[in-house]
Amino acid sequence: MYVIFRCDCGRVLYAKQGVATRKCTCGKTIKVKSRRILKKVETAQDASEAVQEMQAEIYGNTGFSTADVYKKNKFLNQLDRKMDEFK
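Residues numbered from 1 in each chain as written. Predicted model: local features only at pLDDT ≥ 70, side-chain atom pairs only at ≥ 80, totals over all residues. Heavy atoms only, no water.

Novice: Help me understand the sheet that holds strand β2 (residues 12-16) in this model?
Specialist: Within a sheet, each strand pairs with its neighbour through backbone hydrogen bonds, oriented either parallel or antiparallel. With antiparallel pairing, the 3 strands of this open sheet are ordered in space as β2-β1-β5. At either end of the open sheet lies a strand with only one pairing partner, and these are β2 and β5 (39-41). With strand direction ignored, the average angle separating the axes of adjacent strands in the sheet is 30°. As paired strands, strand β1 (residues 2-6) and β5 are joined by 3 bridges and run antiparallel to one another. For Val3, the partnering residue across the bridge sits in β5 and is Lys40. (Pairing = 2+ DSSP bridges. Helix = DSSP H or I, 4+ residues; strand = E, 2+ residues; numbered from the N terminus. Axes fitted to C-alpha atoms, helices over the stretch in contact; angles between N-to-C directions.)

So this is what it looks like as structure tokens:
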């Protein structure tokens, strides 16, 4: 059995039932016992899918992008800032 809960940073996490702590990607160590359980599922696969669905519901469909797309967007944002300086 796996439990699904949220970190203070807002990220949805899962842990095996009975585990004392879980570390979030933000760096905080969370005491699972003290958290409000949002959902319980049977398998790790179900827990992973449930977390993905909850994250998408909270933050929208955020999918991953490749490094070249990130660099292109970063470059375009820098150009926009430079153009704003000239106005």
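Novice: Honestly, the pairing of β1 in this entry has me stumped. Any pointers?
Specialist: Note on strand geometry: in a regular strand, side chains alternate between the two faces of the sheet. Within β1, 4 of the 5 residues are buried, which leaves the element mostly enclosed by the surrounding structure. The pairing of β1 with β2 spans 5 bridges and is antiparallel. The residue of β2 that forms the bridge with Val3 is Ala15. Counted along the chain from β1 to the antiparallel partner β2, the turn is 5 residues long, and its residue Gly10 has a positive phi close to 105°. (Buried < 20%, exposed > 50% of the residue type's maximum accessible area, 1.4 Å probe, protein only.)

Novice: Can you help me understand helix α1 (residues 44-59) in this one?
Specialist: Under the 1.5 Å per step criterion, the end-to-end length of α1 is 22 Å for 16 residues, consistent within 8% with the ideal 22 Å. Packed against the buried residues of α1 are β1, β2 and β5. Phi for Gly60, located one or two positions after α1, is positive at around 85°. (Expected span 1.5 Å × (residues − 1). Contact = heavy atoms within 4.5 Å.)

Novice: I keep staring at a negative patch on the surface and nothing clicks. Help me out?
Specialist: Taken together, Glu42, Asp46, Glu49, Glu53 and Glu57 make up a surface patch of like negative charges. With respect to the secondary-structure elements, Glu57 resides in helix α1. (Patch = residues over 30% accessible without salt bridge, like charges linked within 9 Å, V, L, I, M, F, W, Y side chains within 5 Å. Areas by Shrake-Rupley, 256 points an atom, 1.4 Å probe, with all protein chains shown as cover. Salt bridge = Lys/Arg side-chain N within 4 Å of Asp/Glu carboxyl O. Lys, Arg positive; Asp, Glu negative; His and termini not counted. Charge placed at Lys NZ, Arg CZ, Asp CG, Glu CD.)

Novice: I would appreciate a short explanation of the packing of aromatic side chains in the present structure.
Specialist: On inspection of all chains with the given rule, the structure shows 1 aromatic pair. Aromatic pair Tyr2 and Tyr14: ring centres 6.0 Å apart, planes at 70°, arrangement edge-to-face. Here Tyr2, found in strand β1, pairs with Tyr14, found in strand β2; they are 12 residues apart in sequence, far enough to count as distant. Tyr14 gets classed as partly exposed once you look at its relative accessible area, which sits at 26%. (Phe/Tyr/Trp six-rings, centres within 6.5 Å; stacked < 30°, edge-to-face > 60°.)

Novice: Any chance you could explain the environment of Leu13 here in plain terms?
Specialist: Within the secondary structure layout, Leu13 lies in strand β2. Of the residues examined, Leu13 reaches a relative accessible area of 5% and is grouped as buried. Considering only alpha carbons, one finds Leu13 and Gln52, 39 residues apart in sequence, at a separation of 9.4 Å. If sequence neighbours within four positions are ignored, Leu13 has contacts with Val3, Ile4, Phe5, Cys7, Arg22, Cys24, Ile30 and Val51.

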